[in-house]
Each structure stands twice: as C-alpha cells, then as structure tokens.
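# Structural overview for review
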Amino acid sequence: LARNPPRARLPYPLPSHHLGRPTYRRFASSAPLRSPLWWPRQAPPLFSARAMSGSAGSPPYAAELAAAKKAVALAARLCQTVQQEILQSDIQSKADKSPVTVADYGSQVLVSLALNMEVTSGSFSMVAEEDSEDLRKDSAEEILEHITDLVNETLAEDGSYNITLSKEGILSAIDTGKSEGGPSGRHWVLDPIDGTKGFLRGGQYAIALALLDEGKVVLGVLGCPNLPLASISNLNGSSSGDQMGALFSATVGCGAEVESLEGSPPQKISVCTIDNPVNASFFESYEGAHTMHDLTGSIAEKLGVQAPPVRIDSQAKYGALARGDGAIYLRFPHKGYKEKIWDHAAGAIVVTEAGGVVTDASGNDLDFSKGRFLDVDTGIIATNKQLMPSLLKSVQEAIKEKSQAPSPL
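Every residue gets a number counted from 1 within its own chain, in the order that chain's sequence is written. Local features in this predicted model are restricted to residues of pLDDT 70 or higher, and side-chain atom pairs are both shown and tallied only at a pLDDT of 80 or more, whereas totals for entire chains, interfaces and linings draw on every residue. Derived side-chain values reflect all non-hydrogen atoms in the structure, with water molecules and hydrogen atoms excluded from consideration.

## Comments concerning the overall build of the protein chain
A run of DSSP states H or I qualifies as a helix once it reaches four residues; a run of E qualifies as a strand once it reaches two. Both are numbered from the N-terminal end. Looking only at helices and strands, the protein chain has nine helices and 18 strands in total. Think of it in three bands: residues with accessible area under 20% of the maximum for their type are buried, residues over 50% are exposed, and the middle band is partly exposed, with areas taken using a 1.4 Å probe on protein chains only. Out of the 409 residues belonging to the protein chain, those deemed buried represent 56%. Pairs at least 24 residues apart make up 71% of the contacts formed inside the protein chain by residues separated by at least 6 positions. Contacts: residue pairs with any heavy atoms within 4.5 Å of one another.

So, in structure tokens, the structure goes:
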C-alpha cells in the first residue's frame, strides 16, 4: 500500500513576484527535497471551496464566498478549542490595553492560509486587526510556541491541507493582514476575534470576514460559535438546549443565510417586520466602554421601546438582527474612538442583504473605501426599513440633548 506523504513544513507565504500573491515553500535545506511544496488536500470535512471565480452559471463571488466560509469555520474550530482551555498566560496586552489571546492570532493565521489555498485567481490583500510585532518580542516566545502548536493541531484535525507551519511562518501569516485597503482592487477584511472580552468571559464573539471589491463590501461571513443556531431566546444572548454555533453569510444581491458551523443546509434569513417601536427590542454592546449606554437608553425611551436592551458582545449582534432576533442595533462609542472597517464590514452586509438598513447617526451609508477606518458621524445604527425613519429622528434628538446638557463638574 502507498504510504501517506509526510506533512510539508512551511515558512508560510513568501512573495511571488510573477503572480503578485503569496506562494508556499519549504525551508531551505542542504538535504534534497523529498516532498512537493504542499500535498493535494484530502476531502475536507467542513466546506468545499476550490473553484475559479465567475464560473459559468455560478452566482457572483461564489468561489470567494465558499472560501470565506471554509476559512471562518476552520478558525472557529481553533477558537472553540482555546476558549475551553483558556489560561492566563494566553492573554497578552496590546498597546491599547485590550486583551489579545492566542486564538486571535491563530484565527488570523488560519483565515489567511485558507483564503490563499482556496481562492485561485488574482493577488491577495487583507486588512486585518492583528500584526506580529508583539509576538516577535523575546517575552512572547512561549505564546508563539502555543499559537504554532494550536494552528498545526487544527490543520491536522481538519485534514484539508497536509501542511505544517513554522514559527516564522505563523508570524508571516499574521502579517499578511497589513494591507491598508482603499477604493481600488479587492481586499479581504478580517477581525479574527471580534468581541475579545466576550471570548475571555466565555460569552459571545465572532470571526468576521468580508470582501471589498472597488471599495464596496460584496460578501461577508460571520462565524458565531456561542450563538444558538435557531435564535436568542433570553436577554443575555444565549439559549439553553439549542444547537450552538451559527455561520451567517451574505453576497451582494443574493440575500443572507445562516447554517451551522459544521455546514448544515443554509437557511435564508430576513430582518424582522416590526413597525411599531413599542414591540421592538434593541441590541447594544455588553461592555460599557464600547458604547454610551446612557445615550442608547435615551434613544430607546424617545423611540418608545419598552423592552430592556439585549447586551451581547461582537458582530454576533448583526447576525442576530439579520435573522429577526431583535429589531434594532445601536452603537455609540465614546468620544475620540475611531471605528475600524473590520468591526462592521461583514456584519453590515449580512444585515443589508437580509433586508435591513445600516447607517451612521446622520443616516449616511457606511463607506468602507477609505482605508482601515470608517468616517462615521457619532455612531452606527441598524434596523429594518419600517423603523429606520423614526429611529433616525430619535437618535438625532437624543444626540442634540446630550450635546446641550451641562457638563458634570
């Protein structure tokens, strides 16, 4: 019987000048090479993605969407493993003091790898949250070792890619996310773990991946491992007894869907049809540091919303809104905060393709073509088309009142 070839050990993508996209190479060695750059993958247990974009008869961006779903599901597998066995040593502080876990970095590595392996045409550009600077410090050696082990264990368990990444390969993979984006060309946009604090608490988080094409978001995928597949049935954003783990996806002009992270048949979703604010509920950030709860409370009061806020972490709120679990999403960060495109790109297209509307506080559409940051007025709101006019009115009244209130001594 033929024996399986050894797993090829890779330093990860190195620039390919003739193709303009990463390639995969082995370490340089004095010994003769005994295996190819990477071995043909086995039948994957998650999502089959390999295809050329724009194949005859296929929907727009079909290959890219399949690749994105596979990448997010693979990253979710690693994140679930880490959340179950989180250790204090896995948490590292970035300059902005937010916690970063080995899962954050490992997720970014796996998404980058899967996209490079699955999308067969064009150059590769990704705008992502993490870079390798902190991991290149001597004090991070143990964490880098842990990330490398987790990534390679996840790849081995999945079986799609018969490869192994080195430590330097891990660092290089993370740094494929250094693109600045912009209005030209195609750029993947990734938040490897949106809602890191929720992740650390054992709460909600999301792996959020979108594709920009000429400055417009054309597809988005949200992997939400701790969100029930069916719906949120209580106010803390969880549901007992239901299958956990939801994968939301949307392509421009094709609607939005949800399926399990293991790849159950996709189900079309749509935002709720509530037109009376009295019957509406609203989502907002769990963390008070992420949104002004006093302002959102004032908006809800002016609108006539009677239900208490549903506070959950991450872009899981966008997914829950898109399938009608709630009617409104309010996000009003504290003054001076700059919104990043990876915090909203995937979630926004999932909601709009589900029939909803996402704007800033002045009613302007979100513009993802200006680089790594969004230029928005005051905050971001999302709801259905019926409620948006009255919501905008209440938002602007509440903001005006807040600006005219005397400052506390």
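## Details of the packing of helix α2 (residues 102–118) against helix α3 (residues 141–158)
The axes are straight lines fitted to the C-alpha atoms, using for helices just the contacting stretch, and the angles between their N-to-C directions are given from 0 to 180°. Where α2 contacts α3, the axes come no closer than 9 Å and their chain directions differ by 45 degrees. Between α2 and α3, the angle falls in the class oblique. The hand of the α2/α3 crossing is right-handed. Of the residues in α3, those in contact with V102, Y105, G106, V109, L110 and L113 of α2 are I143, H146, I147, L150, V151, T154 and L155. Asp, Glu, Lys and Arg are counted as charged, while Ala, Val, Leu, Ile, Met, Phe, Trp, Tyr, Cys and Pro are counted as nonpolar; the rest, among them Gly, fall into the polar class. Tallied by class, residues from the contact of α2 with α3 come to ten nonpolar, three polar and no charged. Roughly parallel means an angle under 35 degrees; roughly antiparallel, over 145; roughly perpendicular, 65 to 115; everything else is oblique. Here a crossing is taken to be left-handed if its near helix is turned anticlockwise relative to the far helix by less than a right angle, and right-handed if that turn runs clockwise.

## Brief notes about the packing of aromatic side chains
Two aromatic rings are characterised by how far apart their centres lie and by the angle between their planes. Think of it this way: a Phe, Tyr or Trp ring, Trp meaning its six-membered ring, pairs with another when their centres are within 6.5 Å, and the plane angle makes it stacked under 30 degrees, edge-to-face over 60, tilted otherwise. Using the criterion set out here, one finds two aromatic pairs in the structure. Each ring, one from F199 and one from Y205, has its centre 4.8 Å from the other, and the planes form 90 degrees; the classification is edge-to-face. This pair shows no difference in class: F199 is buried, exactly as Y205 is. Ring centres 4.9 Å apart and planes at 85 degrees place the aromatic pair Y318 and Y329 in the edge-to-face group. Linking Y318 in helix α7 (residues 316–322) with Y329 in strand β16 (residues 328–331), this pair joins segments that are eleven residues apart in sequence. On the basis of relative accessible area, Y329 is assigned to the buried category, the value being 2%. Here, a charge over a ring is recorded when the distance from Lys NZ or Arg CZ to the ring centre is within 6 Å and its angle to the ring normal is within 35 degrees. The ring of Y286 has R201 lying over it, and the distance from NZ or CZ to the ring centre is 3.8 Å.

## Quick notes on helix α9 (residues 388–404)
Here α9 is 17 residues long and its end C-alpha atoms lie 24 Å apart, about the 24 Å a rise of 1.5 Å per residue gives. Of all the residues in α9, the buried ones are M388, L391, L392, S394, V395 and A398. Taken around the axis of α9, the buried residues stretch over an arc of 165 degrees, which confines them to a single face. What points out from α9, more than 90 degrees from its buried face, is the exposed set P389, K393, K400 and Q404. Each element contacted by the buried residues of α9 is listed here: α6 (293–303), β16, β17 (356–360) and β18 (380–384). Expected helix span is given by 1.5 Å per residue-to-residue step, counting one fewer step than there are residues. Taken from the helix axis, the directions to the C-beta atoms give the arc we talk about.

## A closer look at the side chain of S369
Topologically, S369 is positioned in the loop between β17 and β18. For the purposes of these results, a polar contact is taken to be a pair of N or O atoms within 3.5 Å, where, inside protein, one atom must be able to donate a hydrogen and its partner to accept one; residues adjacent in sequence count only when each atom of the pair is a side-chain atom. There is a polar contact of 2.6 Å between the side chain of S369 and the side chain of D367.

## Points about unusual backbone geometry
For residues other than glycine, phi is negative in most cases, and the peptide bonds are mostly trans. A positive phi angle, close to 55 degrees, is found at E214, a residue other than glycine. Mapped onto the elements, E214 comes out in the loop between β9 (206–213) and β10 (216–228). Even without glycine at this site, T378 takes up a positive phi of about 70 degrees. Looking at T378, the relative accessible area reads 36%, which means it is partly exposed.

## Quick word on the nonpolar core
With 55 residues, the main nonpolar core has L115, V151, W188, I207 and L209 as its most contacted residues. Among the elements that take part in this core, helix α1 (residues 62–84) stands out by supplying eleven residues, more than any other. Once residues within four sequence positions are removed from consideration, L209 is found in contact with A68, A71, V72, V111, L115, W188, V189, L190, L219, G220, V221 and A346. Working definition of a nonpolar core: buried Ala, Val, Leu, Ile, Met, Phe, Trp, Tyr and Cys residues. They are joined through side-chain atoms within 4.5 Å.

## Some points on the sheet that holds strand β11 (residues 244–251)
When DSSP finds two or more bridges between two strands, those strands count as paired. One open sheet holds the seven strands; their spatial order is β6-β8-β9-β10-β11-β12-β13, and the pairing between them is mixed. Each having just a single partner strand, β6 (126–128) and β13 (267–269) make up the two edges of the open sheet. Looking at each pair of strands side by side, their axes are set apart by 20 degrees on average, direction ignored. Bridging between strand β8 (residues 186–194) and β9 involves seven bridges; their strand directions are antiparallel. By the bridge assignment for β9, D191 is matched with A208. Docked against the sheet, α2 engages β6, β8 and β9, running at close to 150 degrees with respect to β8.

## Side note on the packing of α1 against α2
In contact at an axis separation of 8 Å, α1 and α2 are set at 155 degrees when each is read in the N-to-C sense. Overall, the two elements α1 and α2 adopt an arrangement that is roughly antiparallel. Between α1 and α2 lies a crossing of right-handed hand. Note on element contacts: α2 touches α1 through V102, A103, G106, S107, L110, V111, A114, L115 and E118, opposite A67, A68, K70, A71, L74, A75, L78, C79 and V82.

Function cannot be read off these values alone, since they describe shape.
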